[in-house]
Amino acid sequence: MQEPTVDHLPEPVMSIADIERFLKEEFPQVHQDGPVFSVEHVAKGRIVYRMTPLDRHLRPGGTVAGPSMFALADVAAYICILAHIGPRKHTVTTNMNINFMRKPEPGPLDCHARLLKLGKRLAVVDSLTLDRHGQIVSQATATYSIPA
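Residues numbered from 1 in each chain as written. Predicted model: local features only at pLDDT ≥ 70, side-chain atom pairs only at ≥ 80, totals over all residues. Heavy atoms only, no water.

This part takes up the overall build of the protein. Along its length, the protein carries 2 helices and 8 strands. Along the chain direction, N to C, the helices and strands of the protein fall in the order α-β-β-β-β-α-β-β-β-β. The globule rule puts the C-alpha radius of gyration for 148 residues at 15 Å, and the 15 Å found for the protein is close to it. In terms of overall dimensions, the protein has a C-alpha envelope of 45 × 40 × 25 Å along the principal axes. (Helix = DSSP H or I, 4+ residues; strand = E, 2+ residues; numbered from the N terminus. Rg over C-alpha atoms; globule rule 2.2 N^0.38 Å.)

In this section: the pattern of salt bridges. Under the criterion given, the structure shown has 6 salt bridges. Of the charged contacts in the structure, one is a salt bridge between Arg 50 and Asp 110, with a shortest N-O distance of 2.6 Å. A residue pair is termed long-range when its members are at least 10 positions apart, and Arg 50 in strand S2 (residues 46-51) and Asp 110 in strand S6 (residues 109-118) qualify at 60 residues. What you see here is one network of salt bridges that share partners, running through Glu 40, Arg 50 and Asp 110. (Salt bridge = Lys/Arg side-chain N within 4 Å of Asp/Glu carboxyl O.)

Bringing empty space enclosed by the protein into the picture now. This structure, assessed with the given rule, holds 1 cavity of 30 Å³ or more. Space inside the largest cavity adds up to approximately 30 Å³. Together, Ile 19, Phe 22, Leu 23, Tyr 78, Ile 79 and Leu 82 line the largest cavity. Listed by contribution, the elements that provide at least two residues to the lining of the largest cavity are helix H1 (16-26) and helix H2 (66-85). Its residues placed into classes, the lining of the largest cavity shows 6 nonpolar, no polar and no charged. (1 Å grid on protein atoms, 1.4 Å probe; cavity = no way out; pocket = protein on both sides within 12 Å on 5 of 7 lines; lining within 4 Å. Points joined across faces, edges and corners; volume = space filled by probe spheres on them. Nonpolar A, V, L, I, M, F, W, Y, C, P; charged D, E, K, R; others polar.)

Another point: the nonpolar core. Across soluble globular proteins, nonpolar side chains have a tendency to be buried as a group. Residues Ile 19, Phe 37, Ile 47, Tyr 49, Leu 72, Ile 79 and Ile 81 are the most contacted members of the largest nonpolar core, which totals 38 residues. Elements with a minimum of two residues in this core: H1, strand S1 (37-43), S2, H2, strand S5 (92-100), S6, strand S7 (122-130) and strand S8 (136-145). Sequence-distant contacts of Ile 19, defined by excluding residues within four places in its chain, comprise Met 14, Val 39, Val 42, Ile 79 and Ala 83. (Core = buried A, V, L, I, M, F, W, Y, C linked by side-chain atoms within 4.5 Å. Buried < 20%, exposed > 50% of the residue type's maximum accessible area, 1.4 Å probe, protein only. Contact = heavy atoms within 4.5 Å.)

Turning to the packing of H1 against H2, a few remarks are in order. Helices that pack against each other are described as a pair by the angle of their axes relative to one another and the distance between those axes. Close contact between H1 and H2 brings their axes to 11 Å; oriented N to C, the two are set at 120°. Relative to H2, H1 is oriented oblique. Where H1 crosses over H2, the two elements pack in a sense that is right-handed. Taken together, the residues of H2 that come into contact with H1 (itself represented by Ile 19, Phe 22 and Leu 23) are Tyr 78, Ile 79, Leu 82 and Ala 83. A breakdown of the residues in the contact of H1 with H2 according to their chemical character gives 7 nonpolar, no polar and no charged. (Axes fitted to C-alpha atoms, helices over the stretch in contact; angles between N-to-C directions. Parallel < 35°, antiparallel > 145°, perpendicular 65-115°, else oblique. Left-handed = near helix turned anticlockwise from the far one by under 90°.)

Rendered as structure tokens:
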């Protein structure tokens, strides 16, 4: 299978440091429990956002809770968009769909988010979340509204 092209997408305009600074200033609640989330990689059309879950992110049965994985995918999509348009904090989720594929054991999860469409008013991001063994644990698609 051929990898989708990103030729039509712009280069990132924010670095990892820029994104982390933006989150610290505009969304400090993301880090209210300490360094649970971190930006690992930024590239043309893509980012990798990591979650190292705490006990509060787990559910009975020894797995990361679905709402925690949903939050990871949602914030990863947001960061992926901002990395490519700049710090426009009023960019908001308009739709999101997530498929939980397998039960992840407690431990770091990496959400690989990629832009499918980046328009003037809407952006669509697809993401795959992988466990520490490289197994896909969820897939999400998010649509965001970009303010004028």
